[in-house]
Structures are given as structure tokens and as C-alpha cells.
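Secondary and tertiary structure notes
The primary structure of each chain is shown beneath.
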Amino acid sequence: MIANEETFRQLMIKAQGGDKLCYSSLLVECEKWLRRYFARKINPAAIDDLVQETLISVHRKRASYDSSRAFLPWLAAIGRYRWIDSLRKIYRHEHDQLYEEMVADPQDGDVTAKVSLERLLGMIPQRQAEVISLVKIEGLSIIEAAAKTGQSESLVKVNIHRGLKKMSALIESE
Amino acid sequence: MSGSANHLIEGLVEGLEPVRTLNPKRGLAIVGGLTLIAGIAVATMLGVRNDLMIGMADEMFFLRSGVLLMLGIATAITVVNMARPGVGKLSRGWIWALITAALFPLTAAIMSAINMPPAEAFRPMEGLKCLTVSGIAALAIGSGLTLWLRQGAPTSPERAGWLVGIASGALGAAAYNLHCPFNDIYYIGLWFTTTVVASAILGRLVVPRLIRW
């Protein structure tokens, strides 16, 4: 069970004021939420690093949270930023099996749907989203992705580059 | 939760200090203050244009001032709001101000196509002075805005770079505008536009690497 939006918001307001107990609870809840948020959207081998990098960003940028607004869209924007950054770094991973426990189990369904990574991927052309999923998330090589999609190897690279660039410009879009 | 995540959370909690939340009004105050200082510096060092001094400024002065200020303020507001991210917050209002400002170079281009003006109309020496002074003012305003933005979490550093450049270029040009005595559309369409475009390109090239997080 993950905390709801209002609990997140209240914990963050207390954390901004320096309450360590609330901050600890907040980070634990964020960790759980992010783990589900990134599920199936990054290679399982990279998920620990991505979650931890996002938590560090949450810590470093906590002053940028506006307490009059909802918390999860803020957390999702930080998460999307780190996710795209992480996809840029990933070229090939050995593991391509998704762990069952990482399957998305969103709380606050409406909010999560609006801020989801799936929605962000859906905002870019399908050919770009497809090769990003194959190479950056599922871990296929450029050659394998080219064979699977019928795109040339150079087009796969170009589409990955363009897709990531486009997504990074759309991080705050719903 | 993994052991390393536990350790990380313990470390982050240990290092927690109270923070003052980012307020976009403070960012705007910095931009406004620097623009005011640039305007005062231009008026003191170069002087205010004569028609403005005697209270009979040409209508083009007001049009130009209004468009530059509107563009500068609209883009600066977008930039300071980018410091506090959130899915669903993407703002595109500044595009309308940019389209309005583009009427100056567009009109100059159409007028030139209809009736090519003499080369003197472009006043290259005065134009370079406009570019230099506006550019220095833009640099000061853009630096202040960038330093403030570094505290925030802009999720699109490239877009932020463009917008910092446009905002500081437009406001820097608005400061120089107090001195600039020329009212013809060719001059404004060329030199004021060049100032904003050059500042935008510089912003795109320099700012993203300073605000990435």
C-alpha cells in the first residue's frame, strides 16, 4: 500500500520545514511509488540506480516543490527527467526479464495515469517510441531492433535520439 | 526495499535542513531590478532620447517599448515558473508574445520587399552600438536569471536556455530603447531583432549546461 496524494503533500511540507521523521516516511513512500512508476519502463538491472538517483534529486531539489500544488505531478516530473537521463546512458543490458514484483500497481489511479511514463512515450511518434522501448528498455541491440522494426540501423539511432529529445521537451506535458 | 536504498534514505534524512521554498516572485524581482539598473545606467551614461526628455516621444517609441517589455516579461515569467516543475504545468503563453514581437521584423521585411530602402536606413554604426549596449544589459539580466534558476529544477534545460536568452535580450533592448533615437521600422526590424535573436542563441548555447541537474 502506497500513501495517497494528500499524505505525500503533508509529509513534504513537514520535510521542507526540517522534520526528519516525516522526511524519512516521505522518502520510503517515494521509493515505493517510484519503483512502481519505473516498472517496465527501464531494464530491471537499472531500476535500483534510477530510483536512488531520483531520490537524491528529490532531496537536492526539495525547495522547488510548491506546497500549494499536488505532490505527485512534481515527483513525476523529477522522475521523468531522471528516467530520460537514464535512458540516454543505457546502451545494452544483459538482463531483459521483467520481475513480476515490478509490475505497475498504481495508487491514485487518475493522477498516476496523467503523469505516467506510458503517456509520455505516447506523445512521440510511434516509430520513435517503438525503438526506444526495444533498445533502451528491453535491452535489444541496434541491429536486433532494426531487424524487428524494419528500420535501418542508422534510422533506429536517429529515432532514438529524436524521441528522447522530444520526450525531454515534453516532461511537464500531461 | 533494498539495503542500499535504506542506507541512502538514512543518509538523506541525516542531512536534512529546513529549506525556503522557491518563490517565482523573487526571480521576477531579480529580473525587474536588473532591468531597472540597466535602464538607469543607459539613461545616465548615454542620455535619454530627446523627444522623451521633452515629453513628446514618438508613437513608435511606445510601440517598441511595449512589445519589448511584453516579450521580456512573458518569457521571464515562463522561466521562473520552470524552476518549480510539475507534470501538467507546461506553459506556452510566451509564444504569443514572441509572435507579436515578430511583427516588427516581418513588417520591415515586407516594406523592404515593396520598396528597398537605402543602405543608410539601416545605420550600421548606430546599430552596432545598439547591439553592444543592449547585449551588455542582456548579459547582466540573463546572468541574474540563470543564477536564480540554478536553485530550481527546470526539466527542459534547452527550452529554459532559449527563454532566458529571449527574456534578457528583450529586456536589455528595452533598457537601451530609452536612449535609441531612431524610429524607422527598418532600423528596429534589423537591430532590435538581431539583439533578441543573438541573445536567444547565446542563451541556448550557454544556459543549459549551467542549469542541468
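All of the points below concern the structure found in this document. Note that the structure is predicted; figures quoted are calculated from it, not measured.

1. Focus: the environment of A:Lys61
Residue and element names in this part refer to chain A. Mapped onto the fold, Lys61 is located in the loop between helix H3 (44-60) and helix H4 (71-89). For Lys61, a count of 22 C-beta atoms within 10 Å puts it in the buried group. For Lys61 and Ile78, which are 17 residues apart along the polypeptide, the C-alpha to C-alpha distance reads 8.9 Å.

2. Examining the environment of B:Thr132
With respect to the secondary-structure elements, B:Thr132 resides in helix H7 (residues 124-149). A C-alpha to C-alpha distance of 44 Å links B:Thr132 and B:Glu17, two positions 115 residues apart in sequence.

3. Re the interface of chain A and chain B
As a measure of interface size, the accessible area lost when the parts come together is often cited. Tallying the contact residues gives 40 residues for chain A and 30 residues for chain B. Contributions of two or more residues to the side of chain A that touches chain B are made by helix H1 (5-16), helix H2 (20-38), H3, H4, helix H5 (109-115) and helix H9 (153-169) of chain A. Of the residues that constitute the side of chain A that touches chain B, the class distribution is 17 nonpolar, 11 polar and 12 charged.

4. Focus: the environment of A:Lys148
Residue and element names in this part refer to chain A. Inspection of the secondary structure assignment puts Lys148 in helix H8 (residues 142-149). Looking at Lys148, the number of C-beta atoms within 10 Å reads 14, which means it is partly exposed. When the C-alpha atoms of Lys148 and Val131 are compared, they prove to be 9.4 Å apart, with 17 residues separating the residues in sequence.

5. Here's the deal with the nonpolar core
Within the largest apolar cluster, 107 residues are counted, with the highest numbers of intra-cluster contacts made by A:Leu75, B:Val79, B:Leu145, B:Ala167 and B:Ala170. Looking at this core, the element that brings in the most residues is helix H8 (residues 157-176) of chain B, giving 12 residues.

The rules behind the values
- Residues numbered from 1 in each chain as written.
- Chains lettered and ligands numbered in written order.
- Predicted model: local features only at pLDDT ≥ 70, side-chain atom pairs only at ≥ 80, totals over all residues.
- Helix = DSSP H or I, 4+ residues; strand = E, 2+ residues; numbered from the N terminus.
- Buried ≥ 20, exposed ≤ 12 C-beta atoms within 10 Å, placed from the backbone.
- Contact = placed C-beta atoms within 7 Å.
- Nonpolar A, V, L, I, M, F, W, Y, C, P; charged D, E, K, R; others polar.
- Core = buried A, V, L, I, M, F, W, Y, C linked by C-beta atoms within 7 Å.

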